[in-house]
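Here is what each chain is made of, one letter per residue.
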Amino acid sequence: MKKPMAPSYSIYIRTLGFGGTKYASLLQSISKQTYSPVEVVIVLPYGYIPPKERLGYERFEYCEKGMVKQRLFAIDNAKTEYVLLLDDDVEFEAEFVEKEFRTMQNANATCCIAQICRQPHKKRIIKILNHIIGSEVYRNTHDNFLTKINKAGGFIKNTNIDYSKPIYSQSGHGSNCLCKVQDLKNINFKEELWLEDSGYALPDDQVMFYKLYLSGTSIAVCTDTFFRHLDAATTNDGKRYLKIAQAKAGNYLIFWYRFIYPHTRGLTRIYAIAAIITRTLMDCFLYTLKCHKISTIKNIYKGWKFAALYIYNFKN
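Just so it is clear, the model here is predicted, and its values are computed rather than measured.

Quick question: what am I supposed to make of the overall build of the protein here?
Summing up its helical and strand segments, the protein has 10 helices and 13 strands in all. For 316 residues, the compact-globule formula gives about 20 Å, and the C-alpha radius of gyration of the protein, at 20 Å, lands near that figure. The dimensions of the protein, computed from C-alpha atoms along their principal axes, are 55 × 45 × 40 Å. Here the protein holds 316 residues, and the buried ones make up 51% of them. Sequence separation of at least 24 residues holds for 73% of the intrachain contacts in the protein that already meet a minimum separation of 6. By element, 55% of the accessible surface of the protein is carried by carbon and sulfur atoms, the whole surface being about 15,600 Å². Counting 43 positive and 29 negative side-chain charges, the protein places the averaged centre of each group 7 Å from the other.

Sorry, what's going on with the packing of aromatic side chains here?
In this description, an aromatic ring pair is defined by two values, namely the gap between the centres and the angle between the planes. Inspection of every chain in the model, using the stated rule, returns 17 aromatic pairs. Between the aromatic rings of Tyr-9 and Phe-101, the centroid separation amounts to 5.9 Å while the plane-to-plane angle is 65°, which identifies the pairing as edge-to-face. Of this pair, Tyr-9 sits in strand S1 (residues 9-14) while Phe-101 sits in helix H3 (residues 96-107), placing them 92 residues apart in sequence. With a centroid separation of 5.2 Å and an interplanar angle of 90°, the aromatic rings of Tyr-82 and Phe-101 are classed as edge-to-face. On the criterion of sequence distance, the pair formed by Tyr-82 in strand S4 (residues 82-87) and Phe-101 in helix H3 is long-range, its members being 19 residues apart. Accessibility expressed as a relative area gives 9% for Phe-101, which makes it buried. One aromatic cluster is present, formed by Phe-145, Tyr-168, Tyr-210, Tyr-213, Phe-255 and Phe-259 through successive ring pairs. Geometry around Tyr-138 places Lys-127 over its ring, the cationic atom sitting 4.3 Å from the centre.

Just to check I follow, could you spell out the packing of helix H9 (residues 266-291) against helix H10 (residues 295-315) for this structure?
Two numbers describe a pair of packed helices, the interaxial angle and the distance between the axes. Put simply, H9 and H10 touch, their axes get as near as 9 Å, and they point 150° apart. On the basis of the axis angle, H9 is roughly antiparallel to H10. The interaxial crossing formed by H9 with H10 has right-handed handedness. Two secondary-structure elements touch here, H9 through Thr-280, Leu-281, Cys-284, Tyr-287, Thr-288 and Cys-291 and H10 through Thr-296, Ile-297, Ile-300 and Trp-304. Classifying every residue of the contact of H9 with H10 by side-chain character gives seven nonpolar, three polar and no charged.

Looking at this model, I keep getting lost on the environment of Leu-146. Mind explaining?
Tracing the backbone shows Leu-146 in strand S8 (residues 145-149). With relative accessibility at 17%, the residue Leu-146 sits in the buried group. Between the C-alpha atom of Leu-146 and that of Ile-167, which follows or precedes it by 21 residues, the distance is 6.5 Å. Once you skip the residues sitting within four places of it in the chain, Leu-146 turns out to touch Gln-115, Ile-156, Lys-157, Asn-158, Ile-161, Tyr-163, Ile-167, Tyr-168 and Val-221.

It is not clear to me how the pattern of salt bridges should be interpreted in this structure. Could you clarify?
It is possible for side chains bearing opposite charge to pair when their charged atoms get close. Applying the stated criterion across every chain yields a total of 19 salt bridges. The partner of Asp-87 in a salt bridge is Arg-14, with the nearest N and O atoms 2.6 Å apart. Here the residue Asp-87 occupies a position in strand S4, and Arg-14 occupies one in strand S1, the gap between them amounting to 73 residues. Arg-14 carries the same exposure label as Asp-87, and that label is buried. In this structure, Glu-81 and Lys-180 form a salt bridge, with 3.8 Å as the shortest nitrogen-oxygen distance. Separated by 99 residues along the polypeptide, Glu-81 in the loop between helix H2 (67-77) and S4 and Lys-180 in strand S11 (residues 176-180) bring together distant segments of the chain. Residue classification places Lys-180 among the partly exposed positions, given a relative accessible area of 27%.

Teacher, can you tell me more about the side chain of Asp-88 here?
Here Asp-88 lies in the loop between S4 and strand S5 (90-92). Put simply, Asp-88 is tucked away with no salt bridge, and the nearest opposite charge, on Arg-14, sits 7.7 Å away. In terms of polar contacts, Asp-88 uses its side chain to reach the side chain of Thr-15, at 2.6 Å. Among residues more than four places away in sequence, those in contact with Asp-88 are Ile-13, Arg-14, Thr-15, Leu-16, Gly-19, Lys-22, Tyr-23 and Leu-26.

Looking at this structure, I do not really get the pairing of strand S12 (residues 219-222). What am I missing?
Consecutive residues of a regular strand have side chains that alternate between opposite faces of the sheet. Neither face of S12 is open: one carries Ile-219 and Val-221, the other Ala-220 and Cys-222, and all of them are buried. Sheet topology note: the strand S6 (residues 111-114)/S12 ladder contains four bridges and is parallel. Each residue of the ladder has a partner; that of Cys-112, found in S12, is Ala-220.

Conventions adopted
- Residues numbered from 1 in each chain as written.
- Predicted model: local features only at pLDDT ≥ 70, side-chain atom pairs only at ≥ 80, totals over all residues.
- Heavy atoms only, no water.
- Helix = DSSP H or I, 4+ residues; strand = E, 2+ residues; numbered from the N terminus.
- Rg over C-alpha atoms; globule rule 2.2 N^0.38 Å.
- Buried < 20%, exposed > 50% of the residue type's maximum accessible area, 1.4 Å probe, protein only.
- Contact = heavy atoms within 4.5 Å.
- Areas by Shrake-Rupley, 256 points an atom, 1.4 Å probe, with all protein chains shown as cover.
- Lys, Arg positive; Asp, Glu negative; His and termini not counted.
- Charge placed at Lys NZ, Arg CZ, Asp CG, Glu CD.
- Phe/Tyr/Trp six-rings, centres within 6.5 Å; stacked < 30°, edge-to-face > 60°.
- Lys NZ or Arg CZ within 6 Å of the ring centre and 35° of its normal.
- Axes fitted to C-alpha atoms, helices over the stretch in contact; angles between N-to-C directions.
- Parallel < 35°, antiparallel > 145°, perpendicular 65-115°, else oblique.
- Left-handed = near helix turned anticlockwise from the far one by under 90°.
- Nonpolar A, V, L, I, M, F, W, Y, C, P; charged D, E, K, R; others polar.
- Salt bridge = Lys/Arg side-chain N within 4 Å of Asp/Glu carboxyl O.
- Polar contact = N/O pair within 3.5 Å; in protein donor to acceptor, adjacent residues only side chain to side chain.
- Pairing = 2+ DSSP bridges.

The structure is reproduced here in structure tokens:
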């Protein structure tokens, strides 16, 4: 193993141990880094078998199963100044970490995410629908934020980025995050374990990053590195679609209530309420069409019920 280089960082990977060749690609990427980690920790749920693919110097740790819980384990246990949080189905170039630290330095930031390569282009009709719903809007934001969060809790994608200047974001893809450990601890991510209770943790990544942004952490975007998400876990079966429909019905309402609603007043609040109602109803309608199952409506109801109970208990 190479000698660690300053600044010191750890790598924590959340996995179930089923990554196979895609997990092997991740390990190969780690082994080639020009900036070596102090440690590589693989976080598995209790009772799960460690993957057979090995670096030879990683450490296996166990905690309760869950996207949020396994990420919390990393935040709570990382001892270095920085931690690189990874999913088990990504690959990246040898200079990835080096470039991310350089990006943070140039942007005066303490958190960095990669601009993911080769993301599939959405069909034009999907982009139009997302724009109408408010889940993903493309427009000039007149700043150097690549992604911002709108009043519906959706994304605004900036169409006029100046790549000669530092680029920032209010959210990111949870497959990667290089961040100062203290910044992650400051957001008290334990408060968001409702994501696990909801039945499907979506949008756990958006919650984590937006809490970082709201806490004052600058999230820089590294645009000159190769980082690819291999998408190992997204089997688009019927059960997964039902879970997503339930999450879109309930979890985004909770996200909006916790992180958008408190920051609005007057006419802006009325607009925000109209935006989340429109988004939720349209999202649920489109997912019902997509699944072609009456059971989708049942899952949407479950999502709404979960959100209503959560908001009621949160207020009281």
